[in-house]
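Each chain, written out:
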Amino acid sequence: GESVGLHLPTLSVQEGDNSIINCAYSNSASDYFIWYKQESGKGPQFIIDIRSNMDKRQGQRVTVLLNKTVKHLSLQIAATQPGDSAVYFCAENTWDDKIIFGKGTRLHILP
Amino acid sequence: KAGVTQTPRYLIKTRGQQVTLSCSPISGHRSVSWYQQTPGQGLQFLFEYFSETQRNKGNFPGRFSGRQFSNSRSEMNVSTLELGDSALYLCASSSTGGDSEREKLFFGSGTQLSVL
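Okay, so let's go over this structure.

The rules behind each value
Residues numbered from 1 in each chain as written. Chains lettered and ligands numbered in written order. Predicted model: local features only at pLDDT ≥ 70, side-chain atom pairs only at ≥ 80, totals over all residues. Heavy atoms only, no water. Helix = DSSP H or I, 4+ residues; strand = E, 2+ residues; numbered from the N terminus. Rg over C-alpha atoms; globule rule 2.2 N^0.38 Å. Buried < 20%, exposed > 50% of the residue type's maximum accessible area, 1.4 Å probe, protein only. Contact = heavy atoms within 4.5 Å. Areas by Shrake-Rupley, 256 points an atom, 1.4 Å probe, with all protein chains shown as cover. Lys, Arg positive; Asp, Glu negative; His and termini not counted. Charge placed at Lys NZ, Arg CZ, Asp CG, Glu CD. Disulfide = S-S within 2.5 Å.

**Section: the overall build of chain B**
Then comes step 1: Assigned secondary structure in chain B consists of one helix and 11 strands.
Then comes step 2: What you see in chain B, going N to C, is helices and strands ordered as β-β-β-β-β-β-β-β-β-α-β-β.
Then comes step 3: Computed over its C-alpha atoms, the radius of gyration of chain B comes to 14 Å, within 12% of the 13 Å expected for a compact globule of 116 residues.
Then comes step 4: Its C-alpha atoms give chain B principal-axis dimensions of about 40 × 30 × 25 Å.
Then comes step 5: Across the 116 residues in chain B, those meeting the buried criterion constitute 50%.
Then comes step 6: Relative to all contacts within chain B whose residues are 6 or more apart in sequence, the contacts with residues 24 or more apart total 55%.
Then comes step 7: Summed over all atoms, the accessible surface of chain B reaches about 5300 Å², with 48% contributed by carbon and sulfur.
Then comes step 8: Separation between the mean location of the 12 positive side-chain charges and that of the 8 negative ones in chain B comes to 5 Å.

**Overview of the state of the cysteines**
Then comes step 1: All told, the structure shown has two disulfides over all chains when counted by the stated rule.
Then comes step 2: Residue pairing for A:Cys23: its cysteine sulfur links by disulfide to A:Cys90, the two sulfurs lying 1.8 Å apart. Residues A:Cys23 and A:Cys90 are joined by a disulfide whose S-S torsion is about 55 degrees; by sign, that bridge is right-handed. With A:Cys23 in strand β3 (residues 19–25) and A:Cys90 in strand β9 (residues 86–93), this pair connects stretches of sequence that are 67 residues apart. A single burial state applies to A:Cys23 and to A:Cys90, both of which are buried.
Then comes step 3: The disulfide that involves B:Cys23 links it to B:Cys91, with 1.8 Å between the sulfurs. Across the S-S bond of B:Cys23 and B:Cys91 the torsion is about -55 degrees, and the bridge reads as left-handed.

Structure, rendered in structure tokens:
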């Protein structure tokens, strides 16, 4: 079954605020983690990734944090914009080289 | 570069029929993965093909099969369709340039399959 899960199915954030989307994984042997964004009618789109030898990685307006001790992954989006409305998935590369996805969090942006 | 192309975009079938979905990866990408997406189960890994060989497989029954051609294009087939097979089927490709590039998946927009 799924080894990657999300804490919240839906998250509502005021436009301009920061968003934090959380993810828990169960496979301690996973060595690579990815966040994807899926907009309506489209396939998932790569946002940012992180390897298990790192605990933080920053991109443009996005930061991924990895806590291997508690097997927790988070995606932070700074200054959330209407275009950030989407479903966000975390994914892990498992020991047998499968990319396994969590169930996703829908991010709503409030005006 | 053109993105991952999946055809058809929509399909309606009845129980017991079979269906074939097609995926053209990004030019130069040799790995193609297939996922099933449903509201209840999220994205479930079906299988991955690399250089015409199935490299990995998820936990789906044998009714789900796939193949990859020498030009890296891939097809997946579902036989004896069931109502529960209704889903968005997503194809993703990745390049072969080392571990990090291989793992970064580029998705198509999917084929929405409805089984009546």
